[in-house]
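# Coordinates in review
The residues making up each chain are set out below.
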Amino acid sequence: MLTDKEAKKWFRKEAGKNPDKYYATDVLKEEGFSRKKCTKCGKYFWTTNKNRDFCGDTACSGGFRFFEDNPCKEKLSYIEVWQKFSKMFKELGYTPIKRYPVVARWRSDMDFVIASIADFQPYVVSGEVEPPANPLVVPQFCLRFGDIDNVGITGSHMTCFNMIGQHMFVSPDKWDQNKVFRHIKKWLNNGLGIPDSEITFHEDAWAGGGNFGPCMEFFSRGVEIGNQVYMMYEQTETEPKELSLKVLDMGMGMERCAWFSQGTPTIYDASFPSVVKKLIEKTGITYNKEIMKKYVPYAGFLNVDEVDDIDKAWKDVAGKVGISVDELKKTILPMAALYSIAEHARGLLIALSDGALPSNVGGCYNLRILARRSFSFIDKYGWDINLPDVCRWHAEELKSEFPELSKNLDAVEKILDVEKEKYENTKQKSKQIIQNLIRKEITEKKLLQLYDSHGIDPEIISKEALKLGKTVDVPKNFYSLVSELHSEEKKEIAEKKENLNLKDIPETKALYFDDYRKDKFKAEVLKIIGNNIVLDKTVFYPSSGGQDHDNGKLDNQEVIDVFKQGNVIIHALSDKPKFREGDYIEGTIDIGRRLQLTHHHTATHIINAAARKILGPHINQAGAKKTVEKAHLDITHYQSITNDELEKIENLANKTVKDKIQINSSFMPRNEAEKKYGMGIYQGGAVPGKEIRIIEIKGLDVEACGGTHLKNTSEVGKIRILKSTKIQDGVVRIEFVAGEKAKEEIDKKKGTLGELSKILNVDAAQIPARVDELFTKWKKAKKALKKGKQIPEQDFELKSTEKFQGDILTKTAEVLKTQPEHLVKTIKRFIKELNSFKEKLN
Ligand SMILES: [Zn+2]
Ligand SMILES: [Zn+2]
C-alpha cells in the first residue's frame, strides 16, 4: 500500500488527468476561469487572466504583494473576520459552533489541536458519531511549533493561530462539491472583497491516515488564503474505495485574512494591534518605518526552513532594501523580538487557560520554550515587560469572541511566575556550567543538550564564548530542533495489550455498570484459550481506567486476573478450567475487594474536584491508580502542594462526603455529552465509542469514566490523604485512602499518637515541640561526646510543653525529616541514644 505522501503524489497526477471529475470545474468555467499549467512549478491552476502563465504560489508569483494597492474591498479587523464569516455562512445554512479547547484531551495521539478537523477525529470523521452540527463552521485555535524560529522575523509565521473551519459530513448521494466551493468563493469575493482577477485556484491532492482526496487551494498576491479539502477515498490493496462518509475540510487562517485585508506590515500588527501598540509604548522602542516598509515584502525570504544559507539571505534582503546587513538587523531584530513576545504570550494564554502546563515532557515542553524564548528576549533588550500582563492584554483584545480566555487569568499569571522563577534559577546555574564548558568545543548537539537538560539559552553561551574570543555557531532553527527532541514522546497508553485470537467473539456484556454491589451471575462460556476464559457476560471488572481488576471465582475456580482486549473481557484462572465451551457457569466476585476499589475510585473523582477548587482551574487529571491498599491521583500543577493546601483539599473532600451528594452514572451519545459538559470530561484521557459513560457528582464533577462508582458521596465514609509528591515537572501525585482503608489509617494514626505520647510523656499536641527538643539535645550530646566535652545535666532533660495546632504527625515527621510511619521507631532510637550519651559523659 502507498504511504500518505505517495498517495498524495499519485492522486494529484490522477486528478490532473480528469479535473472535471475531482474539482468544481463547472463553477470555475461558469465564472470565467480557465485552466493553466504553471511554467515554474508545473501545477495546474485556474485564473481569469488570459495571459498569466505562473500560479499564485508565493515563490512562483514573486513574494507577498498586498502591502501596496491592496485588492480587498474591505479592511477587516481580526475579530471582524470571524464575525463576518460566521454571519455569511449562517445565511448559507451552516451552524457556527464554539471552538474546542486547544488541549486535545479527547485524542490519544496528540497533545494540542493542530487543525480544525482535529476536533472531529476520529469518531465523527469515521462516521461513528454524529457531528455537533452539519454543516458547520468553527473558529479553532491551533498550536504548531515547527516554525518557532521564524516567528517575528518573517512577519507571517505563528505558533498559535486560529483556523476557521468549514466542515460537512455527508453520504456520497448528498455530496455537492460545486455548492461548497461556491460558498468559499463567495467569501473571497464578498467577504474579503477580492475580485476574481486577483484570485488563483490551485488543483492539489491531500492524504492522511489512509484516506485521500482532491483539494483546491486559493491564493491572492502571493498569499495562500486557505485550502478546501475533499476527503473522499480510502486506500485499499487494489484500488481507491469511495468512503461511505464524505468529509469537507476547509481550513483558513483567521490571522491571514485579517492581515491580507488590512495590508499591515506583519500578521501580528493585524491580529493583535492593541497588544503590539502597548508593547511599543511600554518598551519605548523606536524603529525606522521606511526601512520596515521596504523590508516586509522580502521578510518571507528569511524563512529558516527554506533557505540553506541564512547569512546570504540577510545579505540579499539588505540589498533589496538598500542598506547594510547591520543596519537592517538593528531595525528588524528588536521588532522581531517584540512581535515574538506578543505572539508567544497569546499562545501561552490560550494553552494555559485551556488547562495545559509548561513542562519538560511531551508537547507541553513547547510551552516552556515559548515562555523562555520570551523571557530571554525581555532580558536581552532590558525591557520592562511582565509576560502575564501581555497575556491580560490579549484576553482583553479577544474578549468579545473568546470571553473564556479572561476567566483563568490569575492561574495563568501564577503559572508564568513560577516559570519565570525556574528560568532565573537556571540562568544562575548555567553561568557555572558555561565557565566549565566554554574552553572545550561546543557542538550543535551539545548546545541542544545544554538547553534541553539545563535550560541554557544558546545566546548566553555564544555571548560568554565571545568574551574568550571564541565563536559558537547557533543553528538558526535552534528552537524547532529542541521542539523536535520531544515530539517523539507520544501520550502514554497504559492499558494492557494482550493478543489472544478472538476472531468471531462478540463484545462481552458488562454487568458492573448499573449496580456496583452485584457480585453473582450466570453466564455462558464462549471461548477457552489456555487458562483464559471469555464469557457472554460478566460482573468481573477488568483492569482499566487505573482501577485494578476484580478477583473471585468461576464455578469454584479462582480468577486471578481480568483484562480487556478490544471490547472482550478475559478472565484468567489460576488453573486449567474444569468446564468447557458452551457450558453455563456461575461467577462470584470478591465483594470486599470490589467495594474498596469502588470507594477509591469515587474518592479519586472527589479529590480531583476538590483540588481544582483549592488550587485553581488548571488542575486536570494526569493519571490515576486505584488498588485495594490505596489510590493515587496525579494532577497537573506547576509546583509542589504545601501541607496547608493538602489539608484544605482533604477537608473539602470530606465535606463533599458529608454533604451526601448524589452520583449519577449513565451512558450518553458522545456528542451530546461533549455539548452538555465540555471537553473537560476526558479527565482519564481519550475514551473510545459512540456512547460514553458519564459519572456526574452533581454540581461538582463530570467525567467520562468506565469505572465502578458509588451512588452517593456519603457512601465513601471518609477520605484520608497520605501525602503528595512532585513526580515530574508539572505533575503532582496525591496518595490517599478512602472507606474502610481510611478508617484503618485513622485508627493507626490514633495508635501512633497514643504511643508517642506515652514514650515522650506529653499530650498529643505537645509532641512536635518535644521531639524538636529531643533532636536538638541529641545532636548537642553527640557532638560533646565526640569532642570529649562535659555538658550540664539539664541538657539531657526534656521539658518543653509548647502546643501545636494542625496535623501533629506530619509536623513531627517534618522535624525529623522522616515519614510518619517511621516516627515511633526513630524517636525510640533517639531517646535510647540520648540516654547512652548521658551515661558515657557522666
Ligand atoms: Zn507555480
Ligand atoms: Zn474515573
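Geometrically, a metal with four donors at the corners of a regular tetrahedron has ideal angles of 109.5 degrees, and one with six donors at the corners of a regular octahedron has ideal angles of 90 or 180 degrees. Looking at the zinc ion (ligand 2), one finds its protein donor set to be His601 (NE2), His605 (NE2) and Cys705 (SG), positioned 2.1 to 2.4 Å from the metal centre. Donor residues binding the zinc ion (ligand 2) come from one chain and are separated in sequence as H-x3-H-x99-C. One end of the pair, His601, is in helix α19 (residues 591-615); the other, Cys705, is in the loop between β22 (701-704) and β23 (719-728), with 104 residues separating them in the sequence. According to the relative accessible area criterion, Cys705 is buried, its value standing at 10%.

This next bit is on the environment of Asn303. Along the polypeptide, Asn303 turns up in the loop between α10 (289-295) and α11 (310-321). The exposure class assigned to Asn303 is buried, which follows from its relative accessible area of 6%. Note: C-alpha distance between Asn303 and Leu188 (115 residues apart in sequence) is 27 Å. In this structure Asn303 touches Asn150, Thr154 and His157, once residues within four positions along its chain are discounted.

This next bit is on the nonpolar core. Soluble globular proteins tend to bury their nonpolar side chains together. Counting 178 residues, the largest nonpolar core has Phe85, Trp187, Phe201, Tyr295 and Leu367 as its most contacted members. Among the elements that take part in this core, helix α12 (residues 325-353) stands out by supplying 15 residues, more than any other. When residues no more than four places from it in sequence are discounted, the contact partners of Trp187 are Leu76, Val81, Lys84, Phe85, Met88, Phe89, Leu192, Gly193, Met252 and Cys257. Judged by nonpolar contacts, the second largest core, of 30 residues, contains Leu615, Ile619, Leu633 and Cys705.

Attention shifts here to the sheet that holds strand β12 (residues 532-535). The strand order around the closed barrel formed by six strands is β11-β12-β16-β15-β14-β17, and the pairing between neighbours is antiparallel. Between one strand and the next, the sheet's axes are offset by a mean angle of 45°, whatever the strand orientation. Sheet analysis places strand β14 (residues 552-554) next to strand β15 (residues 557-565), joined by three bridges and oriented antiparallel. Paired with Gly552 across the strands is Val559, a residue of β15.

About the criteria used
- Residues numbered from 1 in each chain as written.
- Chains lettered and ligands numbered in written order.
- Predicted model: local features only at pLDDT ≥ 70, side-chain atom pairs only at ≥ 80, totals over all residues.
- Heavy atoms only, no water.
- Donors = N, O, S within 2.8 Å, 3.2 Å for Na, K, Ca; no water.
- Helix = DSSP H or I, 4+ residues; strand = E, 2+ residues; numbered from the N terminus.
- Buried < 20%, exposed > 50% of the residue type's maximum accessible area, 1.4 Å probe, protein only.
- Contact = heavy atoms within 4.5 Å.
- Core = buried A, V, L, I, M, F, W, Y, C linked by side-chain atoms within 4.5 Å.
- Pairing = 2+ DSSP bridges.
- Axes fitted to C-alpha atoms, helices over the stretch in contact; angles between N-to-C directions.

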